[in-house]
2 protein chains.
Amino acid sequence: MNFEKEIVIGVVGGMGPQAGLALCNSILCQTNARTDQEHLPVILMSFPGAVEDRTLFLQGAVADNPAFAIAGIIQKLEKAGAGIIGIACNTSHSPEIYDVILHELKKRRSRVKLVNMPYETCRHIQDTYPSVRRVGLLTTNGTWQSGIYKKLLREAGLEPVIPDYQFQQNVIHKMIYDPDFGIKANPAAVSEKVRTLLDKALHYLKEQGAEAIIVGCTELSLVLPDKMIMDMIIVDSTGTLAGALVREATRKEMKKSLC
Amino acid sequence: MNFEKEIVIGVVGGMGPQAGLALCNSILCQTNARTDQEHLPVILMSFPGAVEDRTLFLQGAVADNPAFAIAGIIQKLEKAGAGIIGIACNTSHSPEIYDVILHELKKRRSRVKLVNMPYETCRHIQDTYPSVRRVGLLTTNGTWQSGIYKKLLREAGLEPVIPDYQFQQNVIHKMIYDPDFGIKANPAAVSEKVRTLLDKALHYLKEQGAEAIIVGCTELSLVLPDKMIMDMIIVDSTGTLAGALVREATRKEMKKSLC
C-alpha cells in the first residue's frame, strides 16, 4: 500500500475532541486537492479520558502532568506511521508541559517532527502581517499563566496585549470552561452568553490597541474563524498549525529523507 | 495511561477525507459528555491516496480492489488499539469490496468488531420509523450497482425506491463526482449546481412515493443533515453509523470482554 511511502501527519486530539477535528478539517481546507486521492494522509488520535485538563495541572489542581499522556499518544502515532506531529491544544505548549513532552520523546528515542503551535502562530503574524505591532491574546488561564505567547511575541519583535488577571478569569476563561454555558460543555452549539463575553473581550483588546488577535485556545477557534473583526486581524492558532503541518508534509527534502 | 483500558473506536476515513471527519463529529455529537474527559476514545486513519476509488473499481475502471487497502488500514487501527471499527464510506460496503475486507481480516486473524453502515442504517429506519414503508436511495453509482441497500431494505420488510440508471447517472452521481462542481472536488463549499441537482433528486424520489430517504453516500451527508425535507424523513448513514459505534463502545458486556 502506498501510504507506507508518504509522510503521515499525526494529530494529538481530544483536548477537546472537537478541536482535534477542527485541526484535521483545516488541514483538508489548506491542501490543494481535487480528488480524494490527492489529500494528505492523517492519523488523529483522540483519547480525551487519558489526558488530564492542562489548565488544572498548571494551576496545581491536579497532580499528573498531562505531558506523559501526550508523549504516549505521540509515540502511538509514530508507531502507526506518523512522521510529523501537531498537538491540537495551545495550553499543552506551556513550558511546564511542552518541555516534559520533548524530554519524554527524547528519552523514548522518538524521531517525529513536532510542530509547535504558538511558535507557528507568532511566525505567521510576522510573515503575513509585517505592519502589525500590538497583538492581543485570547487563551485559557493555563496558557495565560505560562506566558508562552508573551515570550514568543516579544522574540518576534511584537508587543503582546494581555488581559489583566481579573478580566482573564471572569471573561475569557469563562467562555471556554464555564460548566453550564462554556464551549467545552457545549461544543456543538455556541451559547448566547459565550457570544456576549466574546464581544466584551474583543472590545477590551481593541481599547488596549490590539491590531491583531491570536485565538490561542483551540476551543475558541471553533467560534472565531480566521477573519477581520472590528478592524483587528483574527489569527486562528488552529489554522496556523494546520498550515504548518501541510507545509512540512509537502516539503520535498523531508519526503526524501523519510522515504 | 487509562486509554489502554477503554474500548477505542477506529474510523477508516479518507473516502473522502471530509466524510471521515463528519463521522468523528457525529460520534462526538451523539456522546453524552460535559467535559473533554467524558468523550470516547477515537482513532481516525485517513489515507486518501492509498485507497482506490470504490465506484471506479466496481465499474471495472481500476483493477485493484480497494478492499485490500481498507483491510490494511483496519489492521493498523487494531494494532493502534481500536476494538470497534467503522468505515466512513457506503460504497465500500458493496459485497464485491466488503466481503473481501471480511475475508482479509479473517485471514489476518483480526479480532475487531466491524460495524456495517448500510445494515445499521436500515435497522435504524425499522426501529425508529415503524410506519415507513417506501425508502428512497441517494448513493454513488457503485453502491447503486451493487444493490446492497435494495437487498437490506427488502430483508427489513421495506420497499426500496431506486432511481433508474439514467437518473442515477445524470443527477445523483454527478452531485458527488462531477470534476468541476461535485462535492468531492469542493467539499468545503457546496455549489449551486449541486443544490439544483439535489432538489431534482428529492422531487424525483417524492414522486415515486418515498416516505424516507437514505443518504447512502457519506459525501451527500455533508449537504443533507438528518431532518425532514418535503415531508420525507432524511436518514443520514453517517449519523446512523456514528450512533451504532457509540452504542457498541458503551455496551458494558463488551467492555468486560475486552478489558
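Bear in mind that the values here come from a model prediction, so they are computed numbers and not experimental data. (Residues numbered from 1 in each chain as written. Chains lettered and ligands numbered in written order. Predicted model: local features only at pLDDT ≥ 70, side-chain atom pairs only at ≥ 80, totals over all residues. Heavy atoms only, no water.)

## Remarks on the interface of chain A and chain B
Phase 1 of the analysis: Contact residues are listed per partner, giving 47 residues for chain A and 47 residues for chain B.
Phase 2 of the analysis: Taken together, the two surfaces of chain A and chain B that pack against each other cover about 3,600 Å², and 56% of this comes from carbon and sulfur.
Phase 3 of the analysis: At the surface where chain A touches chain B, the tally comes to four salt bridges.
Phase 4 of the analysis: The closest approach of N and O atoms between Arg54(B) and Asp36(A), which form a salt bridge, is 3.1 Å.
Phase 5 of the analysis: One can count 11 residue pairs in polar contact (both at pLDDT 80 or more) joining chain A with chain B.
Phase 6 of the analysis: Sorting the residues of the side of chain A that touches chain B by element identifies helix H1 (17-29), strand S2 (42-46) and helix H3 (67-79) of chain A as the ones contributing at least two each.
Phase 7 of the analysis: The element contributing the most residues to the side of chain A that touches chain B is H1(A), with six residues.
Phase 8 of the analysis: When its residues are assigned to classes, the side of chain A that touches chain B shows 26 nonpolar, 11 polar and 10 charged.
Phase 9 of the analysis: In terms of strand pairing, S2(A) meets strand S2 (residues 42-46) of chain B through five bridges, oriented antiparallel. The residue of S2(B) that forms the bridge with Val42(A) is Ser46(B). (Contact = heavy atoms within 4.5 Å. Buried area = accessible area lost by both parts, 1.4 Å probe. Salt bridge = Lys/Arg side-chain N within 4 Å of Asp/Glu carboxyl O. Polar contact = N/O pair within 3.5 Å; in protein donor to acceptor, adjacent residues only side chain to side chain. Helix = DSSP H or I, 4+ residues; strand = E, 2+ residues; numbered from the N terminus. Nonpolar A, V, L, I, M, F, W, Y, C, P; charged D, E, K, R; others polar. Pairing = 2+ DSSP bridges.)

## Comments concerning the side chain of Glu219(B)
All names here are of chain B.
Phase 1 of the analysis: Note on placement: Glu219 falls in helix H10 (residues 218-221).
Phase 2 of the analysis: Within the structure, the side chain of Glu219 is placed 2.6 Å from the backbone nitrogen of Gly16, a separation counted as a polar contact.
Phase 3 of the analysis: When near neighbours in sequence (up to four residues on either side) are disregarded, Glu219 contacts Met15, Gly16, Ala19, Ile176, Ile183 and Lys184.

## A word on the confidence of the model for chain A
Low pLDDT marks regions whose predicted coordinates should not be analysed in detail.
Phase 1 of the analysis: Across chain A, the average pLDDT comes to 91, with 94% of residues at or above 70.
Phase 2 of the analysis: Low pLDDT, under 50, characterises residues 253-259 of chain A; the stretch is placed with eight contacts to residues that sit more than four places away or in other chains. (pLDDT = per-residue confidence, 0-100.)

## So, the sheet that holds strand S5 (residues 134-138) of chain A
Residues and elements named next belong to chain A.
Phase 1 of the analysis: The five strands are arranged S6-S5-S7-S9-S8 in an open sheet whose pairing can be described as mixed. The open sheet is flanked by strand S6 (159-161) and strand S8 (228-229), the only strands paired with a single partner.
Phase 2 of the analysis: Two strands pair when backbone bridges link them, and S5 and S6 are joined in this way by three bridges, in the parallel orientation. Paired with Arg134 across the bridge in S6 is Glu159.
Phase 3 of the analysis: Across the sheet, helix H7 (residues 148-155) is in contact with S5, S6 and strand S7 (212-215); its angle to S5 comes to roughly 160 degrees.
Phase 4 of the analysis: Across the face of the sheet, helix H9 (residues 192-207) comes into contact with S5, S6, S7, S8 and strand S9 (232-236) while running at roughly 155 degrees to S5. (Axes fitted to C-alpha atoms, helices over the stretch in contact; angles between N-to-C directions.)

## Some points on the pattern of salt bridges
Phase 1 of the analysis: Here the structure, examined in full by the defined rule, presents 22 salt bridges over all chains.
Phase 2 of the analysis: In this structure, the salt-bridge partner of Glu248(A) is Arg247(A), at a minimum N-O distance of 3.0 Å.
Phase 3 of the analysis: Assessed through its relative accessible area of 5%, Glu248(A) is described here as buried.
Phase 4 of the analysis: In this structure, the salt-bridge partner of Glu248(A) is Arg251(A), at a minimum N-O distance of 2.8 Å.
Phase 5 of the analysis: Taken together, the shared-partner salt bridges in this structure form one network comprising Asp36(A), Arg54(B), Lys184(B) and Glu219(B). (Buried < 20%, exposed > 50% of the residue type's maximum accessible area, 1.4 Å probe, protein only.)

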